[in-house]
Amino acid sequence: SAVISQKPSRDICQRGTSLTIQCQVDSQVTMMFWYRQQPGQSLTLIATANQGSEATYESGFVIDKFPISRPNLTFSTLTVSNMSPEDSSIYLCSVPDGGGTEAFFGQGTRLTVV
Amino acid sequence: AQSVTQLDSHVSVSEGTPVLLRCNYSSSYSPSLFWYVQHPNKGLQLLLKYTSAATLVKGINGFEAEFKKSETSFHLTKPSAHMSDAAEYFCVVSDMIIQGAQKLVFGQGTRLTINP
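Residues numbered from 1 in each chain as written. Chains lettered and ligands numbered in written order. Predicted model: local features only at pLDDT ≥ 70, side-chain atom pairs only at ≥ 80, totals over all residues. Heavy atoms only, no water.

Visitor: Would you take a moment to explain unusual backbone geometry for this structure?
Guide: Leaving glycine aside, a negative phi is the common case for residues, and trans is the common case for peptide bonds. Residue and element names in this part refer to chain A. The peptide bond linking K7 to P8 adopts the cis configuration, its omega dihedral lying at -10°. Relative to the helices and strands, P8 is located in the loop between β1 (4-7) and β2 (10-13). The backbone phi angle of N82 is positive, close to 45°, even though this residue is not glycine. With respect to the secondary-structure elements, N82 resides in the loop between β8 (75-80) and β9 (89-96). (Helix = DSSP H or I, 4+ residues; strand = E, 2+ residues; numbered from the N terminus.)

Right under this line is the structure:
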């Protein structure tokens, strides 16, 4: 199994600012996924991050709002830009196992925008 | 596109009684299905997964689920609930595969409450 570390675990931010969330994996992975879990809701995929190429965003999510970096096979960042209270959510990164049949998740970053 | 519907947003049972969390899926092909659990302020943990092998899947902590293609269901059960089972449970279906990794589609979640 993969061990995923996310930083920060939680943050309270002012509206209009940006927050960068880091995801570190203890093994090399080709694909990393970023999810959002709004309060009381399920998880929604934001984007898929492949090392060495642009991230692929799901419908409703754009690069200007959620820029993603993937500098190597063990690390990725997600930035939540120009935040508003509606961005208050838990953000999670995820990686697949070697066989692609299981996903491992980080502990999540609980973001509150005030 | 694949989708899952969790039929109950909240289930409440007494400790020691059976647990049933219901999930129906929609898929144009034979899907992979999962149940994940999310304890308060903790990450998601895989309970069990179905990947076209045995239709009755056993998972951790005494949970199991049965894949029923005719009913497009993948309900999660446990014979006897424990207080530590109180959590949010997500039924998940695999969508497309990207470079060997499955995109996952999550259900809305079922909050399980255990009464003493």
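Visitor: Sorry, what's going on with the interface of chain B and chain A here?
Guide: Interface size is commonly expressed as the accessible area that is lost once the parts come together. Between chain B and chain A, the contact holds 21 residues from the first and 25 residues from the second. Taken together, the links from chain B to chain A amount to 2 salt bridges. Of the charged contacts, one joins E102(A) and K49(B) as a salt bridge, the two residues approaching to 3.4 Å between their closest N and O atoms. Contributing elements (two or more residues each) for the side of chain B that touches chain A: β5 (33-38), β6 (44-50), β10 (87-98) and β11 (101-106) of chain B. Residue contributions to the side of chain B that touches chain A peak at 5 residues, all from β11(B). (Contact = heavy atoms within 4.5 Å. Salt bridge = Lys/Arg side-chain N within 4 Å of Asp/Glu carboxyl O.)

Visitor: In this structure, what is going on with the packing of aromatic side chains? I would like to understand it.
Guide: Here the distance between the centres and the angle between the planes together describe a pair of aromatic rings. Inspection of every chain in the model, using the stated rule, returns 13 aromatic pairs over all chains. For the ring pair F34(B) and Y36(B), a centre distance of 6.3 Å and an interplane angle of 40° mean the geometry is tilted. Each member of the pair, F34(B) together with Y36(B), is buried. Measuring from ring centre to ring centre gives 5.6 Å for F63(B) and Y89(B), while their planes differ by 45°; the resulting arrangement is tilted. Taken together, the residues span a long stretch of sequence, with F63(B) in the loop between β7 (56-58) and β8 (64-68) and Y89(B) in strand β10 at a distance of 26 residues. In textbook terms, an aromatic cluster arises when at least three aromatic residues are bridged by ring pairs, as seen for Y35(A), F105(A), F34(B), Y36(B), F90(B) and F106(B). (Phe/Tyr/Trp six-rings, centres within 6.5 Å; stacked < 30°, edge-to-face > 60°. Buried < 20%, exposed > 50% of the residue type's maximum accessible area, 1.4 Å probe, protein only.)

Visitor: Sorry, what's going on with the sheet that holds strand β3 (residues 19-25) of chain A here?
Guide: Backbone hydrogen bonds are what pair the strands of a sheet, in a parallel or an antiparallel way. Residue and element names in this part refer to chain A. Reading across the sheet, the 4 strands line up as β1-β3-β8-β7 and stay open at both edges, with antiparallel pairing between neighbours. Since the sheet does not close on itself, it has two edges, and those belong to β1 and β7 (68-72), each with one partner. Between one strand axis and the next, the sheet turns by 15° as a mean value, whatever way the strands run. Here β1 runs beside β3; their pairing, made up of 4 bridges, is antiparallel. (Pairing = 2+ DSSP bridges. Axes fitted to C-alpha atoms, helices over the stretch in contact; angles between N-to-C directions.)

Visitor: Just checking my understanding: could you explain the state of the cysteines for this structure?
Guide: In a disulfide, the sulfur atoms of two cysteines are held together by a covalent bond. Residues and elements named next belong to chain B. Evaluation of the coordinates by the stated rule reveals 2 disulfides over all chains. A sulfur-sulfur distance of 2.0 Å marks the disulfide that ties C23 to C91. When the S-S torsion is -70°, as for the bridge of C23 with C91, the disulfide is left-handed. Within this pair, whereas C23 is found in strand β4 (residues 23-26), its partner C91 is found in strand β10, the two being separated by 68 residues in sequence. (Disulfide = S-S within 2.5 Å.)

Visitor: I tried to follow the pattern of salt bridges on my own but got confused; where do I start?
Guide: The tally for this structure, following the rule as stated, stands at 7 salt bridges over all chains. When the shortest N-O distance is used, the salt bridge between K65(A) and D87(A) registers 2.6 Å. Of this pair, K65(A) sits in the loop between β6 (56-57) and β7 while D87(A) sits in the loop between β8 and β9; the two residues are 22 residues apart in sequence, bridging distant segments of the chain. This pair shows no difference in class: K65(A) is buried, exactly as D87(A) is. For R22(B), the salt bridge identified is with D8(B), shortest N-O distance 3.0 Å. With a gap of 14 residues between them, R22(B) in the loop between β3 (19-21) and β4 and D8(B) in the loop between β1 (3-6) and β2 (10-14) connect regions that are remote in the sequence. Residue R22(B) is classed as partly exposed on the basis of its relative accessible area, which comes to 32%.

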